[in-house]
Amino acid sequence: MNRALLPKHVAAVVKAQKDPLKALEMFNSAKKESGFKHTLLTYKCMVQKLGHHGEFEKMEKVLSEMRECVNNALLEGAYIEAMKNYGRKGKVQEAVDTFERMDFYNCDPSVHSYNAIMNILVEYGYHEQAHKVYMRMRDRGVESDVYTYTVRIKSFCRTSRPHAALRLLRNMPELGCDSNAVAYCTVVAGLYDSGDHAHARVLFDEMLARCLCPDVVTFNKLLHVLCKKGLVSESEQLLGKALKRGVCPNLFTFNIFVQGLCREGAVDRAVRLLDSVLREGLSLDVVTYNILICGLCRNSWVVEAEGYLRKMVNDGFEPDAFTYNSIIDGYCKKGMVQCANRVLKDAIFRGFKPDEFTYCSLINGFCRDDDPDQAMAVFKDGLGKGLRPSVVVYNTLIKGLSQQGLILPALQLMNEMSENGCQPNIWTYNLVINGLCKMGCVSDANHLVDDAIAKGCLPDIFTYNTLIDGYCKQMKLDNATEVVNRMWSLGMTPDVITYNTLLNGLCKAGKSEEVMEIFKAMEEKGCAPNIVTYNIIVESLCKAKKVFEAVDLLGEMKSKGLKPDVVSFGTLITGFCKIGDLDGAYRLFRRMEKQYDVCHTTATYNIIVSAFSEQLNMNMAMKLFSKMKGNGCDPDNYTYRVIIDGFCKMGNISLGYNFLLENIEKGFIPSLTTFGRVLNCLCAEDKVPEAVSIIHCMLQKGIIPNTVNTIFEADKKVVAAPKILVEDLLKKGHITYHTYELLYDGIRDKKIPKKRLKTANSLHQGAR
């Protein structure tokens with residue numbers, strides 16, 4: 001006698017079957033068994049299996065059949081399963097429809113149904129709708145439970161209202177529910193997310209003091225929030241406290257920490273953590289290896305990442321597309337495309353099929369390596385191996401070609417896209433338009449914009465900003481203004497970049513009145529200027545010699561919450577110098593740090609030092625020069641040149657000569673222009689021995705033309721090097737012909753000794 005088929009048997013088979021369609025086939029075949037009838041248990045198992053695997057059409061058919069065969073008042077559990085499955089796949093509207101149908105089919109939703117739909121809505125950011133569901137629940141007299149309030153707390157935290165969430169947490173006992181660890185951890189995460197770390201720590205300690213210890217899943221969610229915010233050290237402190245209360249971390253906990261450390265660039269700590277996990281006896285999984293390999297590659301530790309790939313294979317894990325693509329992309333970004341190719345060949349041997357991401361990485365790598373031919377070859381190889389070209393792959397190659405100045409091949413490729421069933425998007429057009437503008441072909445770029453519009457591809461603000469920049473660089477300012485007007489006519493609002501580009505073009509052309517008109521129009525149309533805008537206006541006013549008006553803008557910047565920067569002050573100081581108001585320039589230079597808290601740079605020092613040198617006030621120039629290093633601003637070639645120029649102009653070449661030698665002794669190597677200036681002045685005053693000593697000093701410091709290195713015989717090199725150097729200085733225009741003649745004779749004159757640059761030891765011996 002055969003045993004009767006029971007619903008519990010069918011439910012067990014459905015749960016055990018991995019293939020949802022086979023499970024459905026068995027589910028349906030059970031109906032044919034004599035005396036068998038599906039129950040709520042079997043229907044619920046089938047709904048859950050189909051929904052979990054995304055077979056929603058078949059799931060709805062099972063739900064429909066269930067409504068006909070089972071008392072609808074008992075179906076809430078099945079509806080909740082259906083809603084959760086829709087929610088897991090991001091099908092929020094379908095989940096809401098399922099919830100709304102419950103009433104229609106005489107199944108009164110309880111607090112569990114309300115909680116399920118509210119949680120889905122909150123997860124996907126539909127906070128207002130979740131609140132409406134909560135209010136409907138209250139109106140219908142359904143009592144909230146701890147899960148309801150936890151969902152509400154989550155909603156408050158995700159809408160940046162952690163203190164409202166904290167109030168609800170405090171009020172939960174009065175509302176008839178004891179708060180739990182999940183609610184506490186949600187509020188703690190919300191406080192950390194909003195930057196209120198102090199309150200978050202206090203609340204976490206309060207939770208532990210109340211003996212509310214989160215389970216590892218709840219605690220991991222909290223750690224995930226902190227590590228995403230870059231608060232890895234804070235996470236470690238919380239983990240230490242939780243470990244004392246019995247929380248046992250799992251592999252997912254360590255995965256979160258490894259990812260957090262890699263994000264903040266602490267890959268060495270991530271590696272040490274992984275090693276400690278292995279020592280603790282925890283087995284790693286593919287996810288752990290992938291997180292570490294990805295983090296290493298993003299921080300340019302690609303060789304180490306490949307080492308972990310080998311370790312991963314040795315431990316019996318199968319690397320996936322993410323693993324291989326991370327390493328291939330890492331090598332390509334480091335300019336090691338051959339290594340990327342080697343990894344790819346090994347991966348293909350192991351069964352890996354290169355995908356869109358793989359080809360994009362290789363194309364990018366070859367383009368960065370200035371090898372567009374090889375990038376094109378990779379693209380064609382992909383097509384030959386069945387790669388379905390997408391707009392992303394095309395755009396990657398078009399970008400690489402455009403950046404190399406290969407606009408014609410880029411245009412040809414764009415035209416081929418449609419033939420391969422891939423329509424160019426506005427990003428495709430923008431790449432080529434940007435390339436054309438960089439080459440100075442702005443009219444062609446403009447025609448391409450018209451072509452994009454004709455093909456239904458609407459330009460964006462980047463398109464027009466690129467065109468405006470192109471016209472401004474060619475000083476075609478009327479065309480640039482026309483593009484801005486076209487933007488308004490098409491209903492596109494110019495942004496601050498648009499206006500800054502146009503203002504900069506007008507400023508460079510010296511059209512100060514038009515600059516001020518556009519600036520006023522910009523503010524009237526609601527586009528707030530930024531510090532770059534004000535710096536352009538300051539430059540324009542200074543060019544028009546309206547320096548005091550420009551200074552007044554510093555107050556206006558401050559009133560709008562903008563802090564003047566080093567560019568603002570550099571422009572203003574230069575403006576004062578150009579109108580001959582050196583006192584005004586120096587006063588502003590001093591106010592820069594004291595009043596406006598803007599640190600001096602080498603550039604600002606150079607402006608004021610140069611101004612004093614021009615006025616031959618060398619005492620002041622040297623005073624500022626001596627202060628530079630003390631203020632953390634190292635003098636550069638320009639600083640030394642303007643000081644030496646000052647000494648030469650005031651006719652005191654001896655000071656200039658000594659200044660040069662002193663600073664060479666300290667390790668400074670001047671430019672050829674500076675050397676030339678001193679040589680010319682020395683020869684003009686007939687100080688040929690000193691000038692010759694500078695030539696030998698230059699040779700000692702390795703300042704020699706490449707021709708000298710072609711002389712292999714040491715004796716000949718010693719004789720020829722000074723002459724070749726002097727000839728090179730003449731050819732490059734650093735010395736006059738008169739200086740050249742004197743130096744050439746001086747080098748040959750045996751009476752003039754080869755003066756060597758004094759070293760610290762020789763000076764010390766001289767002093768003794």
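Everything here concerns the structure above.
Reading the values: rules and limits
- Residues numbered from 1 in each chain as written.
- Predicted model: local features only at pLDDT ≥ 70, side-chain atom pairs only at ≥ 80, totals over all residues.
- Heavy atoms only, no water.
- Helix = DSSP H or I, 4+ residues; strand = E, 2+ residues; numbered from the N terminus.
- Buried < 20%, exposed > 50% of the residue type's maximum accessible area, 1.4 Å probe, protein only.
- Contact = heavy atoms within 4.5 Å.
- Salt bridge = Lys/Arg side-chain N within 4 Å of Asp/Glu carboxyl O.
- Patch = residues over 30% accessible without salt bridge, like charges linked within 9 Å, V, L, I, M, F, W, Y side chains within 5 Å.
- Areas by Shrake-Rupley, 256 points an atom, 1.4 Å probe, with all protein chains shown as cover.
- Lys, Arg positive; Asp, Glu negative; His and termini not counted.
- Charge placed at Lys NZ, Arg CZ, Asp CG, Glu CD.
- Expected span 1.5 Å × (residues − 1).

Participant: Please explain the overall build of the protein as it appears in this structure.
Facilitator: Helix and strand counts for the protein come out as 43 helices and zero strands. Overall, the protein is about 130 × 70 × 60 Å in size when its C-alpha atoms are taken along their principal axes. The buried share of the protein, taken over its 768 residues, is 47%. For the protein, the share of sequence-separated contacts (at least 6 apart) that also reach a separation of at least 24 residues comes to 60%.

Participant: Hey, could you run me through unusual backbone geometry in this one?
Facilitator: A negative phi holds for most residues other than glycine; trans holds for most peptide bonds. Its identity as a non-glycine residue notwithstanding, Ser160 has a phi of 60°, on the positive side. Its place among the elements puts Ser160 in the loop between α9 (146–158) and α10 (162–171).

Participant: Please clarify how the pattern of salt bridges should be interpreted in this entry.
Facilitator: Charged atoms that come close allow side chains of opposite charge to pair. Counted by the stated rule, this structure contains 29 salt bridges. Here Glu306 and Arg342 are joined by a salt bridge, their closest N and O atoms 2.6 Å apart. Of the two residues, Glu306 is situated in helix α18 (residues 302–314) and Arg342 in helix α20 (residues 337–349); the sequence distance between them amounts to 36 residues. Assessed through its relative accessible area of 9%, Glu306 is described here as buried. Its salt-bridge partner being Glu539, residue Lys508 comes within 3.5 Å of it at the nearest N-O pair. Within this pair, whereas Lys508 is found in helix α29 (residues 496–508), its partner Glu539 is found in helix α31 (residues 531–543), the two being separated by 31 residues in sequence. Taking relative accessible area as the criterion, Glu539 reaches 22% and is therefore assigned partly exposed. Here the salt bridges do not stand alone but share partners, grouping Glu123, Lys154 and Arg158 into one network.

Participant: Teacher, can you tell me more about a negative patch on the surface here?
Facilitator: Side chains of Asp478, Glu482, Glu513, Glu514 and Glu517 sit close together on the surface and give a patch of like negative charge. Of all the secondary structure elements, the ones that give two or more residues to the negative patch are α28 (477–489) and α30 (512–524). Along the polypeptide, Asp478 turns up in helix α28. Classification of Asp478 by relative accessible area gives exposed; the value is 63%.

Participant: I keep staring at helix α11 (residues 181–193) and nothing clicks. Help me out?
Facilitator: Residues spaced three or four apart along an α-helix face the same direction, because each turn holds 3.6 residues. Here α11 spans 18 Å end to end across 13 residues, near enough to the 18 Å set by a 1.5 Å rise per residue. The buried fraction of α11 amounts to 11 of the 13 residues, a majority that puts the element mostly inside the structure. If you check which residues of α11 are buried, you get Ala181, Ala183, Tyr184, Cys185, Thr186, Val187, Val188, Ala189, Gly190, Leu191 and Tyr192. In this structure, the buried side of α11 is in contact with α9, α10, α12 (197–209), α13 (216–228) and α14 (232–244). Positive phi appears at Gly195, one or two residues downstream of α11, with a value of about 95°.

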